[in-house]
Amino acid sequence: MQFLALAAVLFCIGVYGVVARRNAVLVLMSIELILNSVNINLIALGAWRGFSEAIVGQVFALFVITVAAAEVGVGLAIVLLIYRNRASIDLSEVAQMRG
Amino acid sequence: MLAQNVIFYGLAAVMVASALRVVTVRNVVHAALYLVLVFAGVAGIFILLAAEFVAVVQVLVYIGAILVLFLFGTMLTRAPIGGAHDLDNPAGMKAAGALSGAGLLFLLAAILYDGFGKTKVEPNVVTRSGDIGLAIFQDWVIPFEVVSVLLLAALVGAVVLARRD
């Protein structure tokens, strides 16, 4: 329970960061906070339920870590491309991506 | 149990304080360094939950790889190394973010209290790394292969996106 509460607090801080930040790199950092809180939830609930659930939770957390690594790689490549084209990574200037 | 509780609340306090700094500090490099504290705290939480293998992977992948990637991204985009005032959205968006974060926190707290009350989560199982390996390569082998293809695709995609031609 106390682990789930900590994960909830971290998740909400990450949500605030995603909304409030304008720098693309800082938005990616906030997304990492959210993914980490999800990992805490997976492992805490698994450890609470029992042996096979603990294993499943840890395997899922490993998958989340892998996907997060892929996400950061592609995300930073996109940020780099935006910087090269616009000389800025200010997300409010990327308005032409609006549909 | 007491020592575990003391360690947990110490780690939790450090993590929440550093996470708040990550989303408020006016310096990209400082934000990345505070993020290191959060990641290390998460690894400590994993050890408290008796998930040593995931804790080691957390240190290797997050602190070892992703943080370095963030610092490279900071350098390559020539983010202001000193303090900067254009990292945040205007005050209206910040208020909206604080409102959504606080609302979500209230909702999650209500759900957690309703679902768990004062139940203490104590790690009462012992899992060895060998068990995780067996689970990955027996029950979860197809997701494992899909994830490896995803990593390859992300690698190629990042190279294609970032190269100059």
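Residues numbered from 1 in each chain as written. Chains lettered and ligands numbered in written order. Predicted model: local features only at pLDDT ≥ 70, side-chain atom pairs only at ≥ 80, totals over all residues.

Some words on the overall build of chain B
- The helix and strand inventory of chain B stands at six helices and zero strands.
- A globule of 165 residues ought to have a C-alpha radius of gyration of about 15 Å, yet chain B, at 20 Å, is considerably larger.
- Judged by the C-alpha coordinates and their principal axes, chain B covers about 50 × 40 × 25 Å.
- Across the 165 residues in chain B, those meeting the buried criterion constitute 24%.
- Looking at chain B alone, contacts between residues at least 24 apart form 57% of all its contacts between residues at least 6 apart. (Helix = DSSP H or I, 4+ residues; strand = E, 2+ residues; numbered from the N terminus. Rg over C-alpha atoms; globule rule 2.2 N^0.38 Å. Buried ≥ 20, exposed ≤ 12 C-beta atoms within 10 Å, placed from the backbone. Contact = placed C-beta atoms within 7 Å.)

What to know about the overall build of chain A
- Broken down by element type, chain A carries three helices and zero strands.
- Counted from the first residue to the last, chain A has its helices and strands arranged as α-α-α.
- Relative to the globule expectation of 13 Å for 99 residues, the C-alpha radius of gyration of chain A, 17 Å, shows a markedly less compact shape.
- Along the longest, intermediate and shortest principal axes, the C-alpha atoms of chain A span 50 × 25 × 20 Å.
- Sorting the 99 residues of chain A into buried and exposed places 54% on the buried side.
- Considering only intrachain contacts with a sequence separation of at least 6, the fraction spanning at least 24 residues in chain A is 47%.

Thoughts on the interface of chain A and chain B
- Listed by partner, the interface residues are 58 residues for chain A and 73 residues for chain B.
- Elements supplying a minimum of two residues to the side of chain A that touches chain B: helix 1 (2-20), helix 2 (24-49) and helix 3 (51-86) of chain A.
- At 23 residues, the largest contribution of residues to the side of chain A that touches chain B is made by helix 3 of chain A.
- When its residues are assigned to classes, the side of chain A that touches chain B shows 44 nonpolar, ten polar and four charged. (Nonpolar A, V, L, I, M, F, W, Y, C, P; charged D, E, K, R; others polar.)

A look at unusual backbone geometry
- In this structure, Ala 50 of chain B takes a positive phi of about 65° despite not being glycine.
- Relative to the elements of secondary structure, Ala 50 of chain B occurs in the loop between helix 2 (28-48) and helix 3 (52-76).

A closer look at the packing of helix 2 of chain A against helix 2 of chain B
- Packing of helix 2 of chain A against helix 2 of chain B brings their axes to within 11 Å, and their N-to-C directions diverge by 5°. The pairing of helix 2 of chain A with helix 2 of chain B is recorded here as roughly parallel in orientation. Contacts from Val 25, Leu 26, Met 29, Glu 32, Leu 33, Asn 36, Asn 39, Ile 40 and Ile 43 of chain A of helix 2 of chain A reach helix 2 of chain B at Val 28, Ala 31, Ala 32, Leu 35, Val 38, Phe 39, Val 42, Ile 45 and Phe 46 of chain B.
- The residue inventory of the contact of helix 2 of chain A with helix 2 of chain B, partitioned by class, reads 15 nonpolar, two polar and one charged. (Axes fitted to C-alpha atoms, helices over the stretch in contact; angles between N-to-C directions. Parallel < 35°, antiparallel > 145°, perpendicular 65-115°, else oblique.)

Points about helix 6 (residues 141-162) of chain B
- The terminal C-alpha atoms of helix 6 of chain B lie 31 Å apart, and with 22 residues this matches the ideal 32 Å at 1.5 Å per residue to within 8%.
- A small share of helix 6 of chain B lies buried, amounting to two of its 22 residues. (Expected span 1.5 Å × (residues − 1).)

Re the confidence of the model for chain B
- Residues with a pLDDT of 70 or more make up 92% of chain B, whose mean pLDDT is 87.
- Model confidence for the complex: the whole-complex pTM is 0.89, and ipTM, which rates the interface, is 0.89. (pLDDT = per-residue confidence, 0-100.)

Digging into the domain arrangement of chain B
- Segmentation of chain B into domains returns domain 1 (2-84 + 91-127) and domain 2 (128-165).
- Each of domain 1 of chain B and domain 2 of chain B has a C-alpha centre, and these two points are 24 Å apart. (Domains from an automatic or database assignment.)

Describing the packing of helix 2 of chain A against helix 3 of chain B
- The N-to-C vectors of helix 2 of chain A and helix 3 of chain B enclose an angle of 175°; their axes lie 11 Å apart at closest approach. In terms of axis orientation, helix 2 of chain A runs roughly antiparallel to helix 3 of chain B. Together, Val 25, Met 29, Glu 32 and Ile 43 of chain A of helix 2 of chain A and Val 54, Ile 66, Phe 70, Gly 73 and Thr 74 of chain B of helix 3 of chain B make up the contact between the two elements.
- Of the residues belonging to the contact of helix 2 of chain A with helix 3 of chain B, the class tally is six nonpolar, two polar and one charged.

Focus: the confidence of the model for chain A
- Mean pLDDT over chain A stands at 88; residues scoring 70 or higher make up 97%.
- Least confident of the elements in chain A is helix 3 of chain A, whose mean pLDDT is 89; most confident is helix 1 of chain A, at 92.

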